[in-house]
Amino acid sequence: MKYFFTYLMLALCLCSCDKGVKFDISGQLTDNAASVVYLVVENTALDTLASATVERDNTFHLKGDIAEPTTAFVCDDNGNALTILLIEESKLHIKPVPEGGYKAEGGPINDKYNIIMQRLSDVARQISEISPDDENPEEAYESLIFKYQDILSTGVSSNLDNIIGVELFLSQESRAMTAEDMRVRMAQFSPKMRRLSSMVRFAEYIDQYAKSEIGENFVDAPLRTMAGRSSIAKICGQGKWVLIDFWASWCEPCCEEIPLLRELYSKYALQGFEICSISLDRDPQRWRTFVMQNQMLWTNAIDLPRDGEIAISELYCIQSIPANLLISPDGKIVARNLHGDALREELHHCFEH
């Protein structure tokens, strides 16, 4: 009987620890910024938690509850994110900030998160202000990158028991990690944080990411190309160096890379180099038109999976674009996310050494 009582008390404790979170968010927008605002959380798909009409004095009030702490966004009626916030059991207030945009404050979680993000933003600004004419610009860049990473790592390490650490880990710190590093870091979080749905999904992501790490074989998948149905296996592992490039016509940084891809394809295609550009566009006609207008003469595919298929970007764990993987002639992944001069130098090494 005493064992049953012990297990019952344990179950009650777990339930009480994982109770839902009530949110109470008021805000003040700039004039005519929106007529309706939405509180949105991104799980496997965008999910609206609450909405509110913006009053004549540009104020609004969002109230409700959610099963667990999470990252959310306040969006306007055009779908634009006004600000990010961490849902917590405190009254929050959203207000404009002088440099533009909005900030959520008023709760201990969001106030602490804002301090960390401001420190990261200050370092990022200093990095962007480095000029080639500065004394030792490379040394300054490396020093600031180290400082940024130290702030980020410390921010996660000091918040392993709350949503701040989870948000910083999932959105930033994990992107520079191997699958094993991600697993080690996840194990450091409190059991309550590891049970969050976002962390459970990320554990599945890590397992998939491990399959497309450097040193692994390419992951095969069906391709919907400009010429019809194909597959990655018909391109990779066939004796050529292959760059699998993830992009979209609406992605400005992606479009800025196209001239370089044309240059490299023209230079190395006859020596055994192929590009497979996989677009995340959702409009096939827009994609086709863009490819033809920009003379992308290599293999082009669109990532629109049919029923039962998994998106190629998910198979390769692409979190943002532009992104790419370099595949060796025998089908091994030898590099991820080479851009600009780094890509040019890698291909020079592959073909001219």
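All of these numbers come straight from a predicted model, not from anything done at the bench.

**Q** Explain helix α4 (residues 163-171) residue by residue, including any values.
**A** When you tally the buried positions in α4, you get 8 out of 9 residues, the bulk of the element. Residues I163, I164, G165, V166, E167, L168, F169 and L170 constitute the buried set of α4. Backbone nitrogen of I164 and a side-chain oxygen of the N-cap are separated by 2.8 Å at the start of α4; the cap is N162.

**Q** Got a sec to walk through the pairing of strand β5 (residues 71-75)? Specific residues and values, please.
**A** Taking burial as the measure, the 5 residues of β5 include 4 buried ones, the bulk of the element. By the bridge criterion, 3 bridges tie strand β2 (residues 36-42) to β5 in an arrangement that is antiparallel. Of the residues in β5, the one forming a bridge with L39 is V74. Judged from the 5 bridges that link them, β5 and strand β6 (residues 81-86) form a sheet pairing that is antiparallel. By the bridge assignment for β6, F73 is matched with I84. Taken together, β5 and the strand that follows it, β6, pair antiparallel across an intervening segment of 5 residues, in which G79 is found at a positive phi of about 85 degrees.

**Q** Tell me about the state of the cysteines, and please be specific about residues and values.
**A** Scanning the entire structure with this criterion turns up 1 disulfide. Considering cysteine sulfurs only, C236 is the nearest to C276, which forms no disulfide, with 6.8 Å between them. Counting only cysteine sulfurs, C236 is the nearest neighbor of C350, a cysteine outside any disulfide, at a range of 14 Å.

**Q** So what about the environment of D111? Which residues, and what values?
**A** Assignment of secondary structure puts D111 in helix α2 (residues 108-128). C-alpha separation for the pair D111 and L86, spaced 25 residues apart in sequence, amounts to 9.8 Å.

Parameters at a glance
Residues numbered from 1 in each chain as written. Predicted model: local features only at pLDDT ≥ 70, side-chain atom pairs only at ≥ 80, totals over all residues. Heavy atoms only, no water. Buried < 20%, exposed > 50% of the residue type's maximum accessible area, 1.4 Å probe, protein only. Helix = DSSP H or I, 4+ residues; strand = E, 2+ residues; numbered from the N terminus. Polar contact = N/O pair within 3.5 Å; in protein donor to acceptor, adjacent residues only side chain to side chain. Pairing = 2+ DSSP bridges. Disulfide = S-S within 2.5 Å.

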